[in-house]
Amino acid sequence: MNEMNDPSDVQRLDDNWAVLDRLVKRAEALARRGRSERAAVAATTAATFAWCNPSGVFASGPLEDVLGRLGSSLPGPGGPAPARPAAARPRVLHVASQLYGTGGHTQMLASWLRLDGAREHHVCVTGQEGRDVPDKISRVLDGPGGLTLLDDGRPHLLDRAARLRELALEHDQVVLHVHPNDVVPAIALALPPGERPEVVLVNHADHVFWLGVHVADRVVNLRSSGARLNVERRGIPEARNTLLVRPLVMRDRRLTRAAARAELGMPADALVVASAADTYKYGAATGESLLDVLLPVVREHPEARLHVAGPAPDGDWSVLAEEDLGRAWGLLPDVHTLLEAADVYVDSYPFSSLTSMLEAAWLDTPVLTLRSPDERLGVLGADTPELDDDLVVAGSGPELAAEVGRLLADDDARHRLGASTGAAVRRFHADGAWAEQVGKVLDAPPASGPASDPNTAVRATGPLDQRLLQVMGNGVGQGLAGTLDVVSPLLSWPRRVETAARLLRAGRVRPALLLPGGVVRRLRRSRA
């Protein structure tokens, strides 16, 4: 596998690994000395660095051992949970790190809560940091008692973990929807399986490092490629993996394509090629970007327009407006009208965005994706059970351009493929289909056999790790200074000053690091 390695990328992976090793050792030393809260913050720093700066690992046994040690110092169960009526619905505690007004991650949780009426749901958020909880979450819960913000009055991670442990023991199952660097659940749930409810981890970030291998009794994967990576690189036995398509509350078509185009100010006779995802998912790794691939297509078809939600309309994307070839819309709070206007939908690249693609497919729109033929890179591409037979997969930029051009030129082929694609998605998401699937997953007998062991996770520096290094370089948390910036709300005052100085030396001014946390929260609310 290493014969394909780029020496410079391998060196960067090794350098990141050396930094991660130092950060983990710091957390270990603090835990041994009984500095538990500082050890938890140090573990958060290490996990954040590993998430944002690929180092060839997708799990860390030593880091999870630290969290297990911290969990053993928390108060244990205070006795058996109170008895409940035999006919009562199962109680499920959903744990999230933060909830946002936009984005597929929060939307997935909101959809889960709406679609699964067979269980009683409680949502617990480990670090909302003063942000408003979006209505799409709060309005589907059974009153204000259905939501707990662990950081409300609990600045310390261990206090949050202790409260989460209490909540977990009041429920029948715990479902983790957490960020890859969230240490609170990994500390709180570090109890023997017989002393806590079953823990199910939703593998929504299957392409990056994450915490929780040691506490997850089962891992719910949204893609087959994510399940394979768990077995190959995280130390999770195959028997502890299960597959579940993502929960989606689909929105039916409100407007015809022509009416949607008119509402968005597009030419009435345009053929719209659309795409929608977070901005970073379009950042080029190596070689051509999605814009590079699609520009020649829309230039060759006078009626074609490319409209993309996510990227800002400046920089490289400004060419669309300059040549009257479409528009980059920036981040939109709602992309539904854009999806209604689309004649063809192209997945984001180099990172896939499955939620937007499935929402487009629901509207009987053909969907296409650019995916490397190298199976080792499978987790970076688009794969989802709904579209196994209808997703148009291109193995190269020229192949994707040719497929888009073919569909633009052939109305009948475009409509046939769109109808087939919509029917495929409806088989998984219409008429209670998803609720039936999640019932089979959550009601299944507990997993048996060997437990997951992150200490057996495999480190490598092959093509997947190198590509991740390139792609993740477009995101937040880059380098140690960027990582400390991400975790700054948890840092002590001297560490925040040190971080501000690091960022200043790197040409980034962050005066908010020197403000009290309450002031930052008030500023955030006033901006919102």
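Residues numbered from 1 in each chain as written. Predicted model: local features only at pLDDT ≥ 70, side-chain atom pairs only at ≥ 80, totals over all residues. Heavy atoms only, no water.

A. Focus on the overall build of the chain. Looking only at helices and strands, one finds 20 helices and 13 strands in the chain. Compactness check: the chain gives a C-alpha radius of gyration of 23 Å against a globular reference of 24 Å for 528 residues, within 12% of the reference. Considered along the principal axes of its C-alpha atoms, the chain spans approximately 70 × 60 × 50 Å. Here the chain, with 528 residues, has 55% of them falling under the buried criterion. (Helix = DSSP H or I, 4+ residues; strand = E, 2+ residues; numbered from the N terminus. Rg over C-alpha atoms; globule rule 2.2 N^0.38 Å. Buried < 20%, exposed > 50% of the residue type's maximum accessible area, 1.4 Å probe, protein only.)

B. Quick peek at the sheet that holds strand β6 (residues 218–221). Overall, parallel pairing links the 7 strands, which are arranged β3-β2-β1-β4-β5-β6-β7 in an open sheet. The sheet terminates laterally at β3 (147–149) and β7 (241–243), the two strands that pair on one side only. Each strand of the sheet is rotated relative to its neighbour by a mean of 25°, with strand direction disregarded. As judged from the 4 bridges shared by strand β4 (residues 173–176) and strand β5 (residues 198–203), these two strands associate in the parallel manner. (Pairing = 2+ DSSP bridges. Axes fitted to C-alpha atoms, helices over the stretch in contact; angles between N-to-C directions.)

C. Focus on the packing of helix α10 (residues 290–300) against helix α14 (residues 397–409). The interhelical angle for the contact between α10 and α14, taken along N-to-C directions, is 40°, at an axis separation of 9 Å. Our classification of the angle between α10 and α14 gives oblique. Taken as a pair, α10 and α14 cross one another with a handedness that is right-handed. Contacts between α10 and α14 involve Leu290, Val293, Leu294 and Val297 on the former and, on the latter, Gly397, Leu400, Ala401, Val404, Gly405 and Leu408. (Parallel < 35°, antiparallel > 145°, perpendicular 65-115°, else oblique. Left-handed = near helix turned anticlockwise from the far one by under 90°. Contact = heavy atoms within 4.5 Å.)

D. Region of interest: the environment of Arg160. In this fold, Arg160 is placed in helix α6 (residues 157–168). Using a relative accessible area of 9% as the deciding quantity, one classes Arg160 as buried. Between the alpha carbons of Arg160 and Val184 there is a distance of 6.7 Å; along the sequence they are 24 residues apart. Among all residues touching Arg160, those that are not within four sequence positions of it are Thr126, Gly127, Leu150, Asp151, Arg154, Pro155, Val184 and Leu490.

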